[in-house]
Amino acid sequence: MELRDFTECEQKQIQAGLSNAEITDQEAADKILALIPHEWIKKIPFFVRKHATSKTVERIARENPKLYAVAKQAGDFPEPEREQMRAIVTAIFEEKMKKHNIR
């Protein structure tokens, strides 16, 4: 996906710079993002990738504070929480990819 594939309004926003979430725990963010299929992240245009991933982590922290607290703990995700988090992250990315017509 190229910059010209976006509407003129979206191009202006991209050039102005998209907002990124302040991630307080990078290790937790890395654990969460590791649950997303790598191919999906590669499909996100490079100039909005950081925005998309950081806002996803921020959304999870806001909407699922208990799961985010588990992600902040040292070590790997326990299996039940990992599968629950994988379902949430997958749903968020499917929603975003469908919204922006990314296949």
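This text goes with the structure placed above it.
Residues numbered from 1 in each chain as written. Predicted model: local features only at pLDDT ≥ 70, side-chain atom pairs only at ≥ 80, totals over all residues. Heavy atoms only, no water.

Student: Talk me through helix α2 (residues 26-33); I want residue IDs and the actual numbers.
Tutor: A28, A29, K31, I32 and L33 are the residues of α2 that are buried. Turning to α2, the residues buried within the fold contact α3 (38-43), α4 (46-63), α5 (65-72) and α6 (79-99). (Buried < 20%, exposed > 50% of the residue type's maximum accessible area, 1.4 Å probe, protein only. Helix = DSSP H or I, 4+ residues; strand = E, 2+ residues; numbered from the N terminus. Contact = heavy atoms within 4.5 Å.)

Student: So what about the side chain of R59? Which residues, and what values?
Tutor: Looking at the element boundaries, R59 is found in helix α4. Polar contacts involving the side chain of R59 include one to the side chain of E95, which spans 3.4 Å. Residue contacts for R59: discarding those within four places in its chain leaves N64, I92 and E95. (Polar contact = N/O pair within 3.5 Å; in protein donor to acceptor, adjacent residues only side chain to side chain.)

Student: Could you give me a rundown of the side chain of K31, with the residues and numbers involved?
Tutor: By the secondary structure assignment, K31 is in helix α2. When residues no more than four places from it in sequence are discounted, the contact partners of K31 are A71, Q73, A74, G75 and F77.

Student: Quick one: what's the story with the environment of E79, residue by residue and with numbers?
Tutor: Tracing the chain through its elements places E79 in helix α6. Here the side chain of E79 touches R82 through a polar contact of 2.7 Å, side chain to side chain.

Student: Which residues make up the packing of aromatic side chains, and what are the values?
Tutor: In this structure the tally under the stated criterion is 0 aromatic pairs. Across from the ring centre of F93, 5.9 Å away, lies the NZ or CZ of K96, which sits over that ring. (Phe/Tyr/Trp six-rings, centres within 6.5 Å; stacked < 30°, edge-to-face > 60°. Lys NZ or Arg CZ within 6 Å of the ring centre and 35° of its normal.)

Student: If you had to explain the nonpolar core to someone new, which residues and values would you point to?
Tutor: Formed by 25 residues in total, the largest nonpolar core has its most connected members in I32, I36, I60, F77, M85 and V89. Taken together, the elements giving at least two residues each to this core come down to α2, α3, α4, α5 and α6. Take this core: its biggest share by element is 6 residues, from α6. (Core = buried A, V, L, I, M, F, W, Y, C linked by side-chain atoms within 4.5 Å.)

Student: How would you summarise the pattern of salt bridges if you had to cite specific residues and measurements?
Tutor: This model, assessed by the stated rule, comprises 6 salt bridges. Of the charged contacts in the structure, one is a salt bridge between E63 and R59, with a shortest N-O distance of 3.4 Å. You can see E63 and its partner R59 sitting in helix α4, 4 residues apart, about one turn around the helix. Residue R59 pairs with E95 through a salt bridge whose shortest N-O separation is 3.4 Å. (Salt bridge = Lys/Arg side-chain N within 4 Å of Asp/Glu carboxyl O.)

Student: Residue-level account of the packing of α5 against α6, with values.
Tutor: In the contact formed by α5 and α6, the axes pass within 11 Å of each other and the chain directions differ by 120°. Between α5 and α6, the angle falls in the class oblique. Like other packed secondary-structure pairs, α5 and α6 cross with a definite hand, here left-handed. Of the residues in α6, those touching α5 at L67, Y68 and V70 are E81, Q84, M85 and I88. (Axes fitted to C-alpha atoms, helices over the stretch in contact; angles between N-to-C directions. Parallel < 35°, antiparallel > 145°, perpendicular 65-115°, else oblique. Left-handed = near helix turned anticlockwise from the far one by under 90°.)

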